[in-house]
Structures are given as structure tokens and as C-alpha cells.
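Now for the letters of each chain:
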Amino acid sequence: MSDGERRVMAAKLLILGGTTEAYDLADRLAALPDWHVITSLAGRTADPRHAAGETRIGGFGGVAGLVRYLDEHAIRAVLDVTHPFAAQMGWNAAEACRITGIPLLRLERPAWTAEAGDRWQSVTSWTEAAAAVRQSQAQRVLLAVGRQELSHFVDIETAWFLIRLVTPPAPLPPFYAAEWLYARGPFALADERALLDTWAIDTIVCKNSGGTATAAKLLAARERGVRVIMLQRPARPAGVPTVADGEAALAWLERLALVGLNR
Ligand code: NAP
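Let us look at the structure shown here. These numbers were taken from a predicted model, which means no experiment stands behind them.

A word on the packing of helix H3 (residues 62–72) against helix H4 (residues 89–100)
Part 1 of the reasoning: For the pair H3 and H4, the least separation of the axes is 9 Å and the interaxial angle reads 55°. Accordingly, the angle class assigned to the pair H3 and H4 is oblique. Crossing geometry of H3 relative to H4 is assigned as right-handed. Contacts between H3 and H4 involve Gly62, Val63, Leu66, Val67 and Leu70 from the former and Met89, Asn92, Ala93, Glu95, Ala96, Cys97, Ile99 and Thr100 from the latter.
Part 2 of the reasoning: Of the residues assigned to the contact of H3 with H4, the class counts are nine nonpolar, three polar and one charged.

Remarks on unusual backbone geometry
Part 1 of the reasoning: Alanine 170 connects to proline 171 through a cis peptide bond whose omega is 0°.
Part 2 of the reasoning: On the secondary structure map, proline 171 appears in the loop between strand S8 (160–165) and strand S9 (178–182).
Part 3 of the reasoning: A cis amide bond links glycine 185 with the next residue in sequence, proline 186, at an omega value of 5°.
Part 4 of the reasoning: Among the secondary structure elements, proline 186 is positioned in the loop between S9 and helix H6 (189–198).
Part 5 of the reasoning: Phi is positive for glutamine 137, close to 60°, though the residue is something other than glycine.
Part 6 of the reasoning: Counting through the fold element by element, glutamine 137 comes out in the loop between helix H5 (126–135) and strand S7 (140–144).
Part 7 of the reasoning: Exposure remark for glutamine 137: the relative accessible area of 65% places this residue in the exposed category.
Part 8 of the reasoning: The backbone of alanine 200 sits at a positive phi, close to 50°, despite the residue not being glycine.
Part 9 of the reasoning: Following the sequence through the fold, alanine 200 ends up in the loop between H6 and strand S10 (203–207).

Points about the sheet that holds S8
Part 1 of the reasoning: Taken in spatial order, the six strands make up an open sheet running S6-S11-S10-S7-S8-S9, and their pairing is parallel. Each edge of the open sheet is held by one strand with a lone partner, namely strand S6 (119–123) and S9. Adjacent strand axes in the sheet meet at a mean angle of 20°, parallel and antiparallel pairs treated alike.
Part 2 of the reasoning: With five bridges joining them, S8 and S9 adopt parallel strand pairing. Within S9, the position partnered with arginine 164 by the bridge is leucine 181.
Part 3 of the reasoning: Lying over the sheet, helix H7 (residues 216–224) contacts S6, S7, S8, S10 and strand S11 (227–231), oriented at roughly 150° with respect to S10.

Focus on the packing of aromatic side chains
Part 1 of the reasoning: All told, the structure shown has five aromatic pairs when counted by the stated rule.
Part 2 of the reasoning: Between tryptophan 126 and phenylalanine 153 the ring centres are 6.2 Å apart and the planes differ by 75°, which places this aromatic pair in the edge-to-face class. With a gap of 27 residues between them, tryptophan 126 in helix H5 and phenylalanine 153 in the loop between S7 and S8 connect regions that are remote in the sequence. Residue tryptophan 126 shares its accessibility class with phenylalanine 153, and that shared class is buried.
Part 3 of the reasoning: For the ring pair tryptophan 160 and tryptophan 199, a centre distance of 5.6 Å and an interplane angle of 20° mean the geometry is stacked. Separated by 39 residues along the polypeptide, tryptophan 160 in strand S8 and tryptophan 199 in the loop between H6 and S10 bring together distant segments of the chain.
Part 4 of the reasoning: Given the relative accessible area of 15%, tryptophan 160 is considered buried.
Part 5 of the reasoning: Accessibility expressed as a relative area gives 25% for tryptophan 199, which makes it partly exposed.
Part 6 of the reasoning: Taken together, the ring pairs in this structure connect Phe161, Phe175 and Trp180 into an aromatic cluster.

Here's the deal with the pattern of salt bridges
Part 1 of the reasoning: Scanning the entire structure with this criterion turns up 14 salt bridges.
Part 2 of the reasoning: Between arginine 109 and glutamate 21 there is a salt bridge, and its shortest N-O distance comes to 2.7 Å. Placement of the pair is arginine 109 in the loop between strand S5 (104–107) and S6 and glutamate 21 in helix H2 (residues 20–30), with a sequence separation of 88 residues.
Part 3 of the reasoning: The class of arginine 109 is buried, set by a relative accessible area of 18%.
Part 4 of the reasoning: Each of Asp80, Arg106, Glu108, Arg233 and Arg236 takes part in one network of salt bridges that share partners.

Reading the values: rules and limits
Along each chain, numbering runs from 1 in the same order as the chain's sequence is written. Where totals are concerned, whole chains, interfaces and linings use all residues; where local detail is concerned, this predicted model gives features only for residues with pLDDT of at least 70, and gives and counts side-chain atom pairs only at 80 or more. Hydrogens and water are ignored here; the side-chain numbers use all heavy atoms of the structure. Geometry is summarised by axes, namely lines fitted to C-alpha atoms with helices restricted to the contacting stretch, and by angles between N-to-C directions that run from 0 to 180 degrees. Comment: elements are numbered from the N terminus, with helices defined as DSSP H or I runs of at least four residues and strands as E runs of at least two. The labels follow the angle: roughly parallel below 35 degrees, roughly antiparallel above 145, roughly perpendicular from 65 to 115, and oblique for the rest. Each crossing is labelled by how the near helix is turned from the far one, with a counterclockwise turn of less than a right angle marking it left-handed and a clockwise turn marking it right-handed. Should any heavy atoms of two residues lie within 4.5 Å, those residues are counted as being in contact. Note that Gly is not counted as nonpolar here; it falls among the polar residues with everything else outside the nonpolar set of Ala, Val, Leu, Ile, Met, Phe, Trp, Tyr, Cys and Pro and the charged set of Asp, Glu, Lys and Arg. To sort residues, take the accessible area from a 1.4 Å probe on protein chains only and compare it with the maximum for the residue type: under 20% means buried, over 50% means exposed, and anything in between is partly exposed. In this scheme, strands are said to pair when DSSP sees at least two bridges between them. When two rings of Phe, Tyr or Trp (its six-membered ring) have centres within 6.5 Å they constitute a pair, described as stacked for plane angles under 30 degrees, edge-to-face for angles over 60, and tilted for the intermediate range. The term salt bridge refers to a pairing of a side-chain nitrogen on Lys or Arg with a carboxyl oxygen on Asp or Glu at a separation within 4 Å.

Below, the structure written as C-alpha cells:
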């Protein structure tokens, strides 16, 4: 059978992507003959990396647009592998798959959980996080948030900020007192310890991304009794089966295939 014929026979899967986990899953699935993998990206990045298999870019146009897309492209299963802080796409996928009857799986890296010795304060919005900085009398704050979130903290006069970003924002938001640091994870524990010590950090503000790349700061904070103001993940639709890694996603797909998905 030629590659072209195999692609015609293969069941089409839609991966809602934009994460490392989505790229990894596309790599694994594209290597298997049973699946024709389409990865969807929102289109936020100017020159995004293309995933193994097919890539499409841009929003679908809400639930109705996604239903149309699933129908027109004869999608047989959807894997929602969007970022834990992507608040909307999972809801649209759940509703569109409910309407069309297409199986949906959520793959999400587990959230971090507080352990003995942690001094975490959970918040559910950046506004609440900024209020927590003010109320906690934090003096020296490591702001490990995205550039879009900086505006929530820029008016705080009572604290000095160490602001860690991947690249400089232009223009630099006018913080009263701040130092800017540009670095891309993963961050090693020794470096995170040194960072907290060098800058005498008493508070970290971050979001509960989970995973290992940026977890070391939490361990260093625990060791030092540094307070962590932690943004919790947005709510997810109920009733969507969820797995924590690609292995479990493949097992789910295998079970679907057994009941006739790729006939
Ligand atoms: P969001 O709030 O969940 O989605 C907003 C809208 O963007 C959706 O309604 C949809 O538009 C479109 N969209 C989102 N993900 C899409 C995808 N994979 N393919 C096609 N359209 C998509 O998401 P977001 O926070 O704006 O994030 C956008 C993308 O960046 C996501 O794919 C996510 O995985 C990735 N990302 C987000 C974060 C974060 O912290 N939020 C971090 C890293 C990566 P329509 O309604 O028009 O379909």
C-alpha cells in the first residue's frame, strides 16, 4: 500500500495543540500507520513550529466553527492537548464533541501540589494575585508570569520586583522598582537557589503550570520558607476523560480502535 493510500485509510485525529506535549504526541502518532494526525494551532506565534503530520493554524470560529470543521474533515477523535491555562478551547471542544458524538480526550500535565513546608497562597485570578502581593507585605518579589500579566502588578509601590521573562517586553512596563531578567527554562535547582538568595526574594508569583521545566523554584522556595502566590488553573468541562501523558493517550486511542474507530 502506498503512503497516499495509507493516509486515505487512516482515521483522522485532531490534536488541539500549542504545547510540548502536543508536539510529542503528534510525533508518536504520525509514526503509526493507523492515524492521520492533524495538529491545530491557535496562530498566536508568528512562525510556529509545525508538528509531525499535518498542521492547521487559526481559530475555528467558536463551537459552531469547530463542529463544521470536525464534520467537513471527517475527524474521528479529538485530543485536547492545549495548555493548562488555555481557558476556552477545552470548553469549545467538549461542546463540539458532545454535539457531533466524536470521542474527546484531554491530555494535561498534572498540576503541582503543595507539600509539607510549602507556603503557598492559591489565587484564581491575576487581580487576586496582585491583591495578595499588597496584603502580604511582600518586599522582594520574583514575578514569574507572562508579559501579558505584568499590567496587574505595575502599580504596586510597596514591593520591589525581579521580573523574569523569556525576552524583553517593548516598551518596558513602568514598575516603581524592578530588575529585569531574561531567561528561558528549564531552570536548574542550584540556579534557582542562587537566584532566591542573591536577590533576597521573599515571595514568588507564578501560575500552576505543572511539569518539571520550571518546578525547581518551588523546591528552592520550600527550602527557604519563601511565600508562593500560585495562580490556580482555570475550570475545565466536567465529564471529559483526562490523562496525564502521551502513553495513556495512545492506550485510549488503541481502545477506540478496538471498538471500530478506524473502520
Ligand atoms: P484559549 O483561551 O483556550 O482559546 C481562545 C481561542 O483561541 C479559542 O476559542 C479558539 O478560537 C482559539 N484557539 C485556542 N487554542 C487553539 C488551537 N489549538 N487551535 C485552534 N484555535 C485555538 O487559548 P489561549 O490561552 O488563547 O492559548 C492559545 C493557544 O496557545 C492554545 O493552543 C494553547 O495551547 C497555547 N498556549 C497557551 C498558554 C497560556 O498560558 N494560555 C501557554 C502556552 C501555550 P475559536 O473560538 O475561534 O476556535
